[in-house]
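# Commentary on secondary and tertiary structure
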Amino acid sequence: MTTTEVAEQINLGRRSTYERLERLVDHGRLETKKVGGNGRVWWQPVAEQRQATTEPNTSDDQFQSLIDATEEYAIFMLDPEGHVQTWNSGAEQIKGYAADEIVGKHFSTFYTDDDRAAGNPEANLREAAQHGAVEDEGWRVRADGSTFWATVTISAIRDDAGTLEGYTKVTRDMTDQREYERRLEAQTERLKRQRDELETELDDIFERISDGFYALDDDLRFRYLNEQAMETLGVDESAVSADIRDEVFLTDPFEDALHEALETQEPVLFEDYYEPANGWFYNAIYPSETGLSVYFREITQEVQRERELTRFKRAVEATGHAIYMTDPEGEITYVNPAFEEITGYTAEEAVGETPSILQSGKHTDDYYETLWETVGSGDVWEEEIVDRRQDGALYYAEQTIAPVTDDNGEIDRFVAVQNDITERKERKRQLSTLIDNVPGMVYRCRNEPNWPMEFVSDACRDITGYKAETIESGDVSWGKDVMIQENHERLTEDIQEAVANGESFSVTYQIKTADDEVRWVRSSGRGVFDDEANFVDIEGIIADITEQKERERELERRANQQQIVADLGQFALETDDLDELMDRASCQVADVLENEYCKVLDLDPAAEELLLRQGVGWHDGIVGEATVSSIEADSQAAYTLANDHPIVVENLETETRFSGPELLTSHDVRSGISTIIGPFDEPWGILGTHDTERREYSEEDVSFVQSIANILAEAIERHQYQQRLEQLVDDLEASNERLEQFAYAASHDLQEPLRMVSSYLQLLERRYGDGFDEDAEEFVAFAVDGADRMREMIDGLLQYSRIETAGDPLEPTDLDTILDEVITDLQLRIEESDADITSESLPRVEGDASQLRQVFQNLLDNAIEYSGDEPPCVHISAEKASGEWIISVHDEGVGIDPGDADRVFEVFNRLHTREEYDGTGIGLALCERIVERHGGEIWVESDPGEGATFSFTLADA
């Protein structure tokens with residue numbers, strides 16, 4: 001319609017009408033264009049287009065949100081019964097209580113008398129405990145008795161087991177906002193009425209406006225087409241009076257709409273796709289007395305834009321970023337669902353407010369002033385911001401605010417997008433704390449070949465020599481440039497296997513630093529998975545364990561040294577071949593210390609030189625031949641002999657104490673350790689080990705060499721002692737043999753004169769006995785008795801001397817059989833003494849049966865002899881210990897003083913007079929000699945009056 005037509009319809013002047021129409025165009029309610037020189041037509045956009053112009057122009061960027069918090073909130077905790085446990089500054093400001101005034105009191109203190117009477121405080125707690133949280137609003141009472149309108153959220157706190165631990169209570173003073181909302185609602189209602197009135201008026205005025213126009217009669221024949229209609233439909237003026245169905249391609253919906261308008265005499269408005277024009281059109285069909293008036297306008301771009309807007313709106317509604325839009329004055333006109341979720345404000349609560357409802361107090365007024373100056377000048381504002389949720393909780397966000405301009409370049413609205421980064425901030429804070437405290441480099445890398453690093457901590461430089469950004473940028477590849485490649489395949493397999501099993505991993509490998517230094521590191525970490533459970537990243541800690549590895553290697557080396565010392569010491573005890581021992585010692589010392597040479601020098605004091613007796617690494621043919629001086633000043637050997645401690649040489653070329661003998665210099669020796677074998681004042685020789693490289697030796701290395709030298713010294717001393725001992729044994733055996741021969745000869749030769757004495761005494765007694773007086777008879781009796789005792793002693797001595805020479809070979813022998821034979825031989829004596837002889841089962845042993853019979857007979861005879869006044873009671877037992885048998889003969893006789901326990905085994909040594917007990921004093925000596933011949937020992941355990949136990953050991957058969 002033209003301006004004049006509108007003015008007539010609303011009964012206003014043309015200028016007033018024009019101004020009102022211009023304002024409607026500015027608000028998107030109308031569209032207009034100039035026609036001719038000064039004319040202008042106006043029309044109303046289709047309903048869908050009009051709606052589209054009011055939709056927010058939002059972005060589909062993806063963001064997240066932070067929890068909103070503000071200092072304007074009272075936040076405190078209650079115990080399960082509702083008593084105040086904590087109190088923040090916001091609570092003190094809003095409610096007027098100091099912490100010491102309110103903590104411990106029941107939270108119903110803040111409710112009005114009516115609320116307390118109605119049980120509202122307790123009801124709120126029950127509902128929070130049942131549902132997890134409860135929201136409430138109403139009048140609350142301050143400390144001074146004044147009231148304020150408050151919004152309250154009470155949330156239950158439960159432990160992992162679900163046990164109620166208390167509540168959190170968040171209160172906000174909403175008195176001013178409540179008054180503002182009341183006024184705003186009244187204003188909104190007034191504006192709504194005005195809008196409805198204006199829309200009704202506009203619908204009446206512009207219900208027929210469209211770009212293309214044609215008229216049809218009742219038979220659907222063209223009566224009129226304007227130029228736009230002819231161009232769009234592809235006809236000319238000749239189509240007038242023709243049936244539209246014959247001239248134009250009609251879709252079924254379009255033809256149905258024409259008939260509907262004719263039949264109902266009501267306007268039909270619809271959108272339709274017109275294929276010949278390849279576009280969408282808005283069609284308005286108005287019935288009249290003469291037929292139909294059809295107005296249409298192409299809306300292809302609008303439809304496409306509307307579809308795009310629909311898709312865009314769905315994206316905006318689905319995004320996790322908080323999006324809100326304001327008018328140029330900063331009043332919020334739209335918020336998306338993510339805004340509601342992140343901030344806690346519903347769309348109804350936020351729309352009409354300003355973004356200041358989110359202010360946290362963490363930013364200055366200058367900050368917000370700069371923000372609005374930036375966006376107000378047409379620039380985009382991008383900054384991290386700390387905002388506050390409706391419940392008072394703070395949240396961090398990455399915020400982008402962009403101005404949106406109209407066709408005239410004027411700012412029409414502002415669009416803000418917030419990405420909640422609270423969790424990221426917390427993770428970053430935790431990560432920062434972790435990074436500051438962990439002993440190593442924190443990292444995150446992609447699960448790809450060569451492990452591209454997305455993040456490394458500053459400790460990277462301490463470990464690798466590279467800056468963190470150099471690794472993160474990929475200028476230096478961790479997998480290619482830092483890791484030593486030979487570790488790569490094994491580590492990849494180990495990590496993949498651990499992550500596949502749901503486990504963390506810990507692997508060690510070597511790296512090469514920026515200074516080409518090889519170091520050991522340990523990487524401990526875990527796999528990171530995306531939402532589709534794909535193993536995408538690795539995160540963990542890499543620690544430098546080079547020193548630990550060196551300590552471990554040193555400990556292994558030390559343990560190896562100790563093991564070598566132990567093994568060589570054992571070998572030294574087992575071998576009699578000193579040269580074999582020296583050769584093995586030389587090889588092992590050189591191998592453990594990784595030296596080229598080792599030598600054992602044998603000192604010849606008379607020749608003042610040392611012989612290279614054994615060694616390893618030396619030129620062929622010189623071991624056993626080469627000698628070094630033991631007195632020359634430039635000889636390391638001479639210097640070693642002159643000191644009572646090992647001599648360590650790190651660099652022979654710079655050595656000032658000696659220049660080194662030809663043996664060392666001819667083999668390019670540069671370093672080594674040498675020490676004396678044997679005591680300093682009487683050395684046997686020198687143990688030395690050397691290398692062709694400059695070396696630093698640890699105290700443990702020196703101690704190791706000294707320990708080997710000590711083993712050699714002990715072996716040499718033991719060998720020399722063994723030689724002396726063997727010579728002594730040979731001498732003793734020769735002496736014993738001579739003594740045995742002498743004893744045998746002496747006892748044998750004494751037998752004959754002793755028999756003569758005894759014979760003539762007996763002959764004298766038979767022939768002249770009747771003439772002897774009493775004294776003479778006594779003297780003869782003494783002489784005969786002395787001769788008999790002399791014969792017994794000589795027999796015993798003869799037996800004693802023939803233990804070794806006259807014995808039978810040792811062979812398996814049954815002691816039970818021997819004991820039975822002895823008891824049989826002593827049967828008469830046993831019966832006369834009424835002796836009680838008992839025995840356990842005795843074993844088979846290696847022994848000489850006749851000699852062991854002698855041992856049992858002597859021990860049993862003594863047990864009966866020295867039984868005292870009571871009948872003898874003797875028990876024989878056997879016990880196995882350490883692979884041999886202990887045979888014991890226990891009696892209950894007179895016993896022996898412990899001080900005489902050794903003396904009883906001496907030859908001809910008696911503890912009693914002949915008047916008390918008979919005997920020669922050689923029986924126990926014979927037992928000891930027999931047991932020793934069998935490789936055992938014999939002893940007695942006794943106390944006077946307590947009996948005695950004689951025990952001896954024999955080898956098991």
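Residues numbered from 1 in each chain as written. Predicted model: local features only at pLDDT ≥ 70, side-chain atom pairs only at ≥ 80, totals over all residues. Heavy atoms only, no water.

## A closer look at the overall build of the protein
- Within the protein one finds 30 helices and 34 strands.
- Residue pairs in contact within the protein that sit at least 24 positions apart in sequence constitute 54% of those at least 6 positions apart.
- For the protein, the exposed area adds up to about 52600 Å²; of that, 44% sits on carbon and sulfur atoms. (Helix = DSSP H or I, 4+ residues; strand = E, 2+ residues; numbered from the N terminus. Contact = heavy atoms within 4.5 Å. Areas by Shrake-Rupley, 256 points an atom, 1.4 Å probe, with all protein chains shown as cover.)

## Points about the environment of Asn-651
- Among the secondary structure elements, Asn-651 is positioned in the loop between β25 (647-649) and α24 (662-665).
- The class for Asn-651 is buried, based on a relative accessible area of 16%.
- Sequence separation of Asn-651 and Ser-671 is 20 residues, and the distance between their C-alpha atoms is 5.1 Å.
- Ignoring sequence-local partners within four residues, the contact set of Asn-651 consists of Arg-670 and Arg-694. (Buried < 20%, exposed > 50% of the residue type's maximum accessible area, 1.4 Å probe, protein only.)

## With respect to the UniProt feature "coiled-coil region" (unreviewed entry) in the protein
- Under the UniProt annotation, "coiled-coil region" (unreviewed entry) lies at residues 177-208 and 538-565.
- Here residues 538-565 runs as 71% helix and 25% strand, with 47 Å between its end C-alpha atoms. (UniProt positions renumbered as here; feature names shortened; annotations may be inferred.)

## Concerning the packing of aromatic side chains
- A full pass over the atoms with the stated rule returns 24 aromatic pairs.
- Ring geometry for Phe-281 against Phe-296: centres 5.8 Å apart, planes inclined by 70°, an arrangement best described as edge-to-face. In this pair, Phe-281 sits in strand β10 (residues 279-288) while Phe-296 sits in strand β11 (residues 291-298), placing the two residues 15 residues apart along the sequence. Phe-296 shares its class with Phe-281; the two are buried.
- An aromatic cluster of three or more residues is present, and its members are Tyr-214, Phe-222, Tyr-274, Phe-281 and Phe-296.
- Directly above the ring of Tyr-111 sits Arg-140, whose terminal nitrogen or CZ lies 4.1 Å from the centroid.
- The positively charged end of Arg-584 is found above the aromatic ring belonging to Phe-571, 3.7 Å away from the centroid. (Phe/Tyr/Trp six-rings, centres within 6.5 Å; stacked < 30°, edge-to-face > 60°. Lys NZ or Arg CZ within 6 Å of the ring centre and 35° of its normal.)

## Quick notes on the nonpolar core
- Ranked by internal contacts, the top residues of the largest apolar core, which has 40 residues, are Leu-815, Phe-856, Ile-876, Ile-887 and Phe-952.
- Of all the secondary-structure elements, those providing two or more residues to this core are α27 (815-825), α29 (849-865), β31 (873-881), β32 (884-891), α30 (923-933), β33 (938-942) and β34 (948-955).
- A per-element tally of this core places α29 first, with seven residues.
- Those residues within four positions of Phe-952 in sequence are excluded, and the remaining contacts are Val-855, Phe-856, Leu-859, Trp-885, Ile-886, Ile-887, Val-931, Glu-937, Ile-938 and Trp-939.
- Within the second largest apolar cluster, 29 residues are counted, among which are Leu-578, Leu-593, Ile-708 and Leu-712. (Core = buried A, V, L, I, M, F, W, Y, C linked by side-chain atoms within 4.5 Å.)

## Quick look at the sheet that holds strand β21 (residues 535-544)
- Reading across the sheet, the five strands line up as β18-β17-β21-β20-β19 and stay open at both edges, with antiparallel pairing between neighbours. Two strands in the sheet have a free side with no partner beyond their single neighbour: β18 (453-456) and β19 (505-512). On average, adjacent strands in this sheet sit at an angle of 30° to one another, irrespective of strand direction.
- Helix α20 (residues 488-500) contacts β19, β20 (518-529) and β21 of the sheet and is inclined by roughly 160° relative to β19. (Pairing = 2+ DSSP bridges. Axes fitted to C-alpha atoms, helices over the stretch in contact; angles between N-to-C directions.)

## Comments concerning the confidence of the model for the protein
- For the protein, the mean per-residue pLDDT works out to 84, and 85% of the residues sit at or above 70.
- Considering only residues more than four positions removed or in separate chains, one finds that residues 46-70, a stretch of pLDDT under 50, has 107 contacts.
- Counting interchain partners and residues more than four positions distant, the pLDDT-below-50 stretch residues 202-210 has 26 contacts. (pLDDT = per-residue confidence, 0-100.)

## A few points about a negative patch on the surface
- On the surface, a cluster of negative charge is made up of Asp-576, Asp-577, Glu-580, Asp-583, Glu-726, Asp-730 and Asp-731.
- Elements with a minimum of two residues in the negative patch: α22 (578-593) and α25 (699-768).
- For the negative patch, the element with the most residues is α25, which contributes three residues.
- Residue placement: Asp-730 occurs in helix α25. (Patch = residues over 30% accessible without salt bridge, like charges linked within 9 Å, V, L, I, M, F, W, Y side chains within 5 Å. Salt bridge = Lys/Arg side-chain N within 4 Å of Asp/Glu carboxyl O. Lys, Arg positive; Asp, Glu negative; His and termini not counted. Charge placed at Lys NZ, Arg CZ, Asp CG, Glu CD.)

## Overview of the pairing of strand β8 (residues 222-225)
- Note that strand β7 (residues 212-216) and β8 share three bridges and pair antiparallel. By the bridge assignment, Leu-216 is partnered in β8 with Phe-222.

## Looking at α30
- Counting buried positions along α30 gives eight out of eleven residues, so the element sits mostly inside the fold.
- Of the positions making up α30, those classed as buried are Leu-924, Ala-925, Leu-926, Cys-927, Arg-929, Ile-930, Val-931 and Arg-933.
- Immediately downstream of α30, the backbone of Gly-935 shows phi near 80°, a positive value.

## Some words on the packing of helix α21 (residues 546-574) against α22
- α22 packs onto α21 with a crossing angle of 175° between their chain directions and a minimal axis gap of 11 Å. Our classification of the angle between α21 and α22 gives roughly antiparallel. Residues Arg-557, Asn-560, Gln-561, Ile-564, Leu-568, Phe-571 and Ala-572 of α21 form the contact with α22, whose own contacting residues are Glu-580, Leu-581, Arg-584, Ala-585, Gln-588, Val-592 and Leu-593.
- A breakdown of the residues in the contact of α21 with α22 according to their chemical character gives eight nonpolar, three polar and three charged. (Parallel < 35°, antiparallel > 145°, perpendicular 65-115°, else oblique. Nonpolar A, V, L, I, M, F, W, Y, C, P; charged D, E, K, R; others polar.)

## Overview of a nonpolar patch on the surface
- Where nonpolar side chains cluster on the molecular surface, the patch consists of Tyr-721, Leu-725, Leu-728, Val-729 and Leu-732 and spans about 420 Å² of accessible area.
- If you trace the backbone, Val-729 turns up in helix α25.
- Here Val-729 falls in the partly exposed class, since its relative accessible area comes to 33%.

## So, the environment of Ile-545
- Tracing the backbone shows Ile-545 in the loop between β21 and α21.
- Overall, Ile-545 belongs to the buried group, its relative accessible area being 5%.
- Setting aside residues up to four positions removed in sequence, Ile-545 forms contacts with Thr-508, Trp-520, Val-521 and Arg-522.

## What to know about the side chain of Lys-599
- Mapped onto the secondary structure, Lys-599 falls in strand β22 (residues 597-604).
- No salt bridge is formed by the buried Lys-599; the nearest opposite charge belongs to Glu-662, separated by 12 Å.
- Within polar-contact distance, the side chain of Lys-599 engages the side chain of His-690 at 2.4 Å.
- In this structure, Lys-599 is in contact with Ser-586, Leu-612, Gln-614, Gly-615, Trp-618, Leu-663, Leu-664, Ile-686, Leu-687, Gly-688 and His-690, ignoring residues within four places of it in sequence. (Polar contact = N/O pair within 3.5 Å; in protein donor to acceptor, adjacent residues only side chain to side chain.)

## Considering the packing of α27 against α29
- Contact geometry of α27 with α29 gives a least axis separation of 9 Å together with a crossing angle of 50°. Taken as axis vectors, α27 and α29 run oblique relative to one another. For the pair α27 and α29, the crossing hand works out as right-handed. Contact with α27, carried on its side by Leu-815, Ile-818, Leu-819, Glu-821, Val-822, Ile-823 and Asp-825, involves Ala-849, Leu-852, Arg-853, Phe-856, Gln-857 and Leu-860 of α29 and no other residues of that element.
- Taken together, the residues of the contact of α27 with α29 sort by class into nine nonpolar, one polar and three charged. (Left-handed = near helix turned anticlockwise from the far one by under 90°.)

## Quick notes on helix α11 (residues 252-264)
- Taking 1.5 Å per residue as the helical rise, α11 with its 13 residues ought to reach 18 Å, and the 18 Å between its terminal C-alpha atoms agrees with that figure.
- For α11, the set of buried residues is Phe-254, Ala-257, Leu-258 and Ala-261. Buried residues of α11, seen end-on, are gathered within an arc of 100° and therefore sit on one face of the element. The outward face of α11, more than 90 degrees from its buried face, is lined by the exposed residues Asp-252 and Glu-263.
- On its buried side, α11 packs onto β7, α10 (244-247), β9 (268-274), β10 and β11. (Expected span 1.5 Å × (residues − 1). Arc of directions from axis to C-beta.)

## Observations concerning the pattern of salt bridges
- Summed over the entire model, instances satisfying the criterion amount to 33 salt bridges.
- Residue Arg-490 pairs with Asp-494 through a salt bridge whose shortest N-O separation is 3.8 Å. Linking Arg-490 with Asp-494, this pair stays in helix α20, spanning four residues, or about one helical turn.
- Residue Asp-494 is classed as partly exposed on the basis of its relative accessible area, which comes to 32%.
- Measuring nitrogen to oxygen at the nearest pair gives 2.9 Å for the salt bridge that ties Arg-829 to Asp-861. With Arg-829 in helix α28 (residues 827-833) and Asp-861 in helix α29, this residue pair connects regions lying 32 residues apart in the sequence.
- Each of Arg-444, Glu-454, Arg-526, Asp-537 and Glu-539 takes part in a single network of salt bridges with overlapping partners.

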